[in-house]
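Coordinate analysis (summary)
Spelled out, the chains give:
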Amino acid sequence: MLPYIAEFLGTMMLILLGDGVCCNVNLNKSGMKGAGSIQITIAWGLAVLIPACIFGAASGASFNPALTIALAVSGSFSWSMVPGYIVAQVAGAFCGAVLLYILFYGQFEATADDPGTLRGVFCTAPSIRNLPLNILSEAIGTFVLVFAILGFGNVDGAGTVGVDKLFVFGLIVSIGMSLGGLTGYAINPARDFGPRLAHAILPIKGKGDSDFGYGIVPIVGPIIGGIVAALLYQAIPW
C-alpha cells in the first residue's frame, strides 16, 4: 500500500508546485504575475525534485504513467503494479489541481475573462495545433526524459547519495527550456489529464472548454516516447 500512497502524494505535490507556478505567473492579481517562462521551467524542475527526494525510497518516485509503463517494459518494474500506480498518479494530480483552485480562488475570479489562461494553468496546449506533430513533440520530449533517467543509472554511486534526483531536476528544466514552447511539455499523462479533469469539474467562473479533443496528445505521445526509449535503451550493448 505504501508505494501507491507515495505515488498519490508525490504526484499531488508535483502538481501543487508545478501548476502552482503557472497560477502564480499567469493569473491576474497574483503577486508574481508576468514572471515568465524561466521561473516556470525552473519551478517545474523543483516540483519534480522535491517529491522525488521525499518519496523515492517508498515508490521509486515515478509520478508519471509513461515512465511507469516504460520501466515495466524495461523489466525493472512489475506489470502487476502498473494499474495501481497510474490510478494513484492521476488521482494525486487531480487533487493537487483542486487544491490550487482553492488557494488561488480570488485570482481565478480575477481572470474570468480569459478562458485560455484559466485552462492553461491546469493543463497543456500547443503553440501551433497540429495533432500529429504535437504527439511527436510529446513523444520526443518523453523519450529524452525516460532515456536519460535510465542512463543516469550508469553514473556510479549517484543513486546512493541522491545526486540522481539533481540530474532529474536538470533534465526537466532542460526539456522545458528547449522543447517546452511546442506543447507545454506535459511529458506525463497524469500531469495533464488529472488537472484537465479538475478544470472540467470545478465551478471555475468563465473557464470555457476543457479541450479533451487535444487531451489525447499528452496521453498518447508520452506513452509512445517512453516505450521507445525503454526498448532502445535495452537494445544498446552497454
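Structure report, in brief. (Residues numbered from 1 in each chain as written. Predicted model: local features only at pLDDT ≥ 70, side-chain atom pairs only at ≥ 80, totals over all residues. Heavy atoms only, no water.)

With that out of the way, let us pick up the overall build of the chain. Within the chain, the regular secondary structure consists of 12 helices and zero strands. Reading the helices (α) and strands (β) of the chain from amino to carboxyl end gives α-α-α-α-α-α-α-α-α-α-α-α. The C-alpha radius of gyration computed for the chain amounts to 17 Å, which stays within 12% of the reference 18 Å derived for 238 residues, consistent with globular compactness. Dimensions of the chain, computed from C-alpha atoms along their principal axes, come out at roughly 55 × 35 × 30 Å. Across the 238 residues in the chain, those meeting the buried criterion constitute 48%. A fraction of 77% describes how many contacts in the chain between residues 6 or more apart in sequence connect residues 24 or more apart. Looking at the chain as shown, the accessible area adds up to about 10200 Å², and 71% of this sits on carbon and sulfur atoms. Here the chain holds 9 positive side-chain charges and 11 negative ones, and the gap between their average locations is 8 Å. (Helix = DSSP H or I, 4+ residues; strand = E, 2+ residues; numbered from the N terminus. Rg over C-alpha atoms; globule rule 2.2 N^0.38 Å. Buried < 20%, exposed > 50% of the residue type's maximum accessible area, 1.4 Å probe, protein only. Contact = heavy atoms within 4.5 Å. Areas by Shrake-Rupley, 256 points an atom, 1.4 Å probe, with all protein chains shown as cover. Lys, Arg positive; Asp, Glu negative; His and termini not counted. Charge placed at Lys NZ, Arg CZ, Asp CG, Glu CD.)

Before going further, it helps to spend a moment on the packing of helix α7 (residues 131-152) against helix α12 (residues 217-235). Viewed as axis vectors pointing N to C, α7 and α12 meet at an angle of 40°, and their least axial separation amounts to 6 Å. Between α7 and α12, the angle is such that the two are oblique. By crossing handedness, the relation of α7 to α12 is classed as right-handed. Here Leu131, Asn134, Ile135, Glu138, Ala139, Thr142, Phe143, Val146, Phe147, Leu150 and Gly151 of α7 lie close against α12, whose contacting residues are Val217, Pro218, Val220, Gly221, Pro222, Gly225, Gly226, Val228, Ala229, Ala230, Leu232 and Tyr233. Split by residue class, the contact of α7 with α12 holds 16 nonpolar, six polar and one charged. (Axes fitted to C-alpha atoms, helices over the stretch in contact; angles between N-to-C directions. Parallel < 35°, antiparallel > 145°, perpendicular 65-115°, else oblique. Left-handed = near helix turned anticlockwise from the far one by under 90°. Nonpolar A, V, L, I, M, F, W, Y, C, P; charged D, E, K, R; others polar.)

Take a nonpolar patch on the surface next. Together, Leu17, Ile38, Ile42, Leu46, Ile50, Ile54 and Met177 give the surface a local cluster of nonpolar side chains, amounting to about 580 Å² of exposed area. At five residues, helix α2 (residues 37-59) tops the list of elements feeding residues into the nonpolar patch. Its location among the elements puts leucine 46 in helix α2. (Patch = residues over 30% accessible without salt bridge, like charges linked within 9 Å, V, L, I, M, F, W, Y side chains within 5 Å. Salt bridge = Lys/Arg side-chain N within 4 Å of Asp/Glu carboxyl O.)

Counted under the stated rule, the structure contains 11 aromatic pairs. Taken together through their ring pairs, the aromatic side chains of Tyr101, Tyr105, Phe108 and Phe122 make up a single cluster. (Phe/Tyr/Trp six-rings, centres within 6.5 Å; stacked < 30°, edge-to-face > 60°.)

Here valine 168 lies in helix α9 (residues 163-183). Distance in space between the C-alpha atoms of valine 168 and leucine 46 is 9.4 Å, their sequence separation being 122 residues. Setting aside chain neighbours within four positions, we find valine 168 in contact with Val48, Ile149 and Phe152.

Another point: unusual backbone geometry. Its identity as a non-glycine residue notwithstanding, phenylalanine 63 has a phi of 55°, on the positive side. Mapped onto the fold, phenylalanine 63 is located in the loop between α2 and α3 (65-74). Residue class for phenylalanine 63 comes out buried when judged on its relative accessible area of 1%. The phi torsion at isoleucine 187 lies on the positive side, around 45°, for a residue other than glycine. Relative to the helices and strands, isoleucine 187 resides in the loop between α9 and α10 (189-201).

Core analysis: the biggest nonpolar cluster contains 38 residues, and Trp44, Phe108, Phe122 and Ile172 have the highest contact counts within it. Going through the elements one at a time, α1 (2-26), α2, α4 (82-103), α7 and α9 are the ones with two or more residues in this core. Here isoleucine 172 is in contact with Trp44, Gly45, Val48, Leu145, Tyr185 and Ile187, once residues within four sequence places are set aside. Ranked by size, the runner-up nonpolar core spans seven residues in total, among them Leu67, Val146, Ala229 and Tyr233. (Core = buried A, V, L, I, M, F, W, Y, C linked by side-chain atoms within 4.5 Å.)

Before going further, it helps to spend a moment on the state of the cysteines. In this structure the tally under the stated criterion is zero disulfides. Cysteine 123 forms no disulfide, and the closest cysteine sulfur to it belongs to cysteine 22, at a distance of 10 Å. (Disulfide = S-S within 2.5 Å.)

Now for α3. Extensive coverage of α3 is indicated by the burial of eight of its 10 residues. Where α3 is concerned, the buried positions are Pro65, Ala66, Leu67, Thr68, Ile69, Ala70, Ala72 and Ser74. Capping the start of α3 is the job of one residue whose side-chain oxygen sits 2.9 Å from the backbone nitrogen of alanine 66: asparagine 64. Of the residues flanking the end of α3, it is glycine 75, one or two places downstream, whose phi is positive at about 90°. (Polar contact = N/O pair within 3.5 Å; in protein donor to acceptor, adjacent residues only side chain to side chain.)

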